[in-house]
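Single-letter residue listing:
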Amino acid sequence: MSKRVALVTGGTGGIGGEICKKLAQQGHKVVANYLPALKDEAEAWQKQMKDEGFEMDIASGDVSSFESCAEMVKDVESRVGPIDILVNCAGITRDKTLRKMEEKQWTDVININLNSVFNTTRQVVEGMTSRGFGRIVNISSVNGQKGQFGQANYSAAKAGMHGFTMAVAQETAAKGVTVNTVSPGYTATAMTDAMPEDVRNAIIAQVPAGRMGSTKDIAFAVAMLCDEDAGYITGANLPVNGGLFTSF
Ligand code: CAA
């Protein structure tokens with residue numbers, strides 16, 4: 001199994017952390033990105049990973065800033081090596097109905113969930129295409145596919161991510177680089193824990209699988225798309241939502 005360098009944004013979070021573990025189990029050298037202000041938390045996460053038997057690297061970078069991402073990628077490539085796998089997993093929610101949504105709640109979500117994908121991918125695409133190998137996976141959401149009450153900002157950003165996926169997939173397919181989207185449903189993390197309990201329970205009651213997703217469910221899909229053998233899957237959206245929303 002060839003060892004690749006994988007950068008996972010939001011890598012110290014719930015879904016991101018599980019993706020880091022799965023890629024590490026597959027023999028990759030994994031770097032988890034964290035927000036500069038959360039250095040102490042990231043170091044604690046790294047130590048916890050070590051206790052669990054995982055050697056993870058960490059890299060500071062604000063994904064909403066192009067300059068910060070440029071510095072982060074330069075730092076990772078000099079310390080660890082050229083990035084072959086990029087998983088764009090950093091994201092936030094600022095749920096409000098549109099009539100109550102403030103401009104900052106809109107721009108923060110667009111900057112951190114959507115502009116981030118440009119800010120990171122732009123830094124690595126040249127290297128991947130010139131080396132003839134790359135795997136880019138953008139973590140979107142079922143709510144990008146179907147829209148969600150209270151999430152005009154989040155739904156717009158997550159839908160936009162897949163537009164980016166489809167375009168860049170076409171630009172890079174001839175150079176051995178795949179670009180795909182994974183769209184999780186409601187997954188047990190701090191993000192869904194923060195929802196009003198009654199709203200969460202009502203949504204989960206509609207999931208045909210009868211349960212929330214686990215972070216392992218999502219990491220499995222991401223690892224599959226990052227596999228060496230997944231080279232002909234590009235521009236795709238892979239829903240992992242327990243049947244909550246089906247389409248083709
Ligand atoms: N459909 C229709 N009506 C709804 C509704 C829905 N899904 N949800 C709430 N309403 C209604 C309420 O019953 C209430 O009606 P009344 O005024 O008649 O009593 C009204 O809408 C509430 O509207 P408000 O403008 O007052 O909204 P609020 O300030 O109370 O906040 C909310 C509402 C913040 C959107 C809250 O419902 C909420 O947090 N919803 C969850 C949104 C959600 O799914 N977030 C996902 C987070 S996890 C994630 O995003 C990960 C992922 O990728 C899946």
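This structure is a prediction, so every number in the text was calculated from the model and none was measured. (Residues numbered from 1 in each chain as written. Predicted model: local features only at pLDDT ≥ 70, side-chain atom pairs only at ≥ 80, totals over all residues. Heavy atoms only, no water.)

Undergrad: What is the right way to look at the UniProt feature "domain: Ketoreductase" (unreviewed entry) in the protein chain in this model?
TA: Residues given the UniProt feature "domain: Ketoreductase" (unreviewed entry) here are residues 4–189. Across residues 4–189 one finds 51% helix and 17% strand; the C-alpha atoms that close the span lie 27 Å apart. (UniProt positions renumbered as here; feature names shortened; annotations may be inferred. Helix = DSSP H or I, 4+ residues; strand = E, 2+ residues; numbered from the N terminus.)

Undergrad: What is the right way to look at the pattern of salt bridges in this model?
TA: Should the charged atoms of two oppositely charged side chains come close, the side chains can pair. Per the stated rule, a full pass over the model turns up twelve salt bridges. With its nearest N and O atoms 2.7 Å apart, the salt bridge here joins Asp 57 to Arg 79. Remark: Arg 79 occurs in helix H3 (residues 66–79) and Asp 57 occurs in strand E3 (residues 57–60); sequence separation between them is 22 residues. (Salt bridge = Lys/Arg side-chain N within 4 Å of Asp/Glu carboxyl O.)

Undergrad: Explanation requested: the packing of aromatic side chains in the structure shown.
TA: Pairs of aromatic rings are described using the distance from one ring centre to the other and the angle between the two planes. The tally for this structure, following the rule as stated, stands at one aromatic pair. Considering the side-chain rings of Phe 66 and Phe 118, the 5.6 Å spacing of their centres and the 20° angle between planes classify their relative orientation as stacked. Separated by 52 residues along the polypeptide, Phe 66 in helix H3 and Phe 118 in helix H4 (residues 103–131) bring together distant segments of the chain. Of note, Arg 4 hangs over the ring of Phe 133, and the distance from its end group to the ring centre comes to 3.5 Å. (Phe/Tyr/Trp six-rings, centres within 6.5 Å; stacked < 30°, edge-to-face > 60°. Lys NZ or Arg CZ within 6 Å of the ring centre and 35° of its normal.)

Undergrad: Which parts of the structure should I look at to understand the pairing of strand E1 (residues 5–8)?
TA: Looking down a regular strand, the side chains alternate between one sheet face and the other. Here E1 shows two buried faces, one formed by Val 5 and Leu 7 and the other by Ala 6 and Val 8. Summarising the sheet, E1 and strand E2 (residues 29–34) pair through four bridges and their orientation is parallel. In the sheet register, Val 8 faces E2, and the bridge partner there is Ala 32. A crossover connection joins E1 to the parallel E2 through helix H1 (residues 14–25); in handedness this β-α-β unit is right-handed. With three bridges joining them, E1 and strand E4 (residues 85–88) adopt parallel strand pairing. Directly across from Ala 6, in E4, lies its bridge partner Ile 85. (Buried < 20%, exposed > 50% of the residue type's maximum accessible area, 1.4 Å probe, protein only. Pairing = 2+ DSSP bridges. Right-handed = clockwise from strand over helix to strand, strands pointing away.)

Undergrad: I keep staring at the environment of Met 166 and nothing clicks. Help me out?
TA: Relative to the elements of secondary structure, Met 166 occurs in helix H6 (residues 152–172). Residue class for Met 166 comes out partly exposed when judged on its relative accessible area of 39%. Considering only alpha carbons, one finds Met 166 and Asn 237, 71 residues apart in sequence, at a separation of 8.9 Å.

Undergrad: How do you make sense of the pairing of E3 when you look at a structure like this?
TA: Here E2 pairs with E3 via four bridges, running parallel. Note on E3: the bridge partner recorded for Val 31 is Asp 57. Read as a crossover between parallel neighbours, the route from E2 over helix H2 (residues 39–51) to E3 is right-handed.

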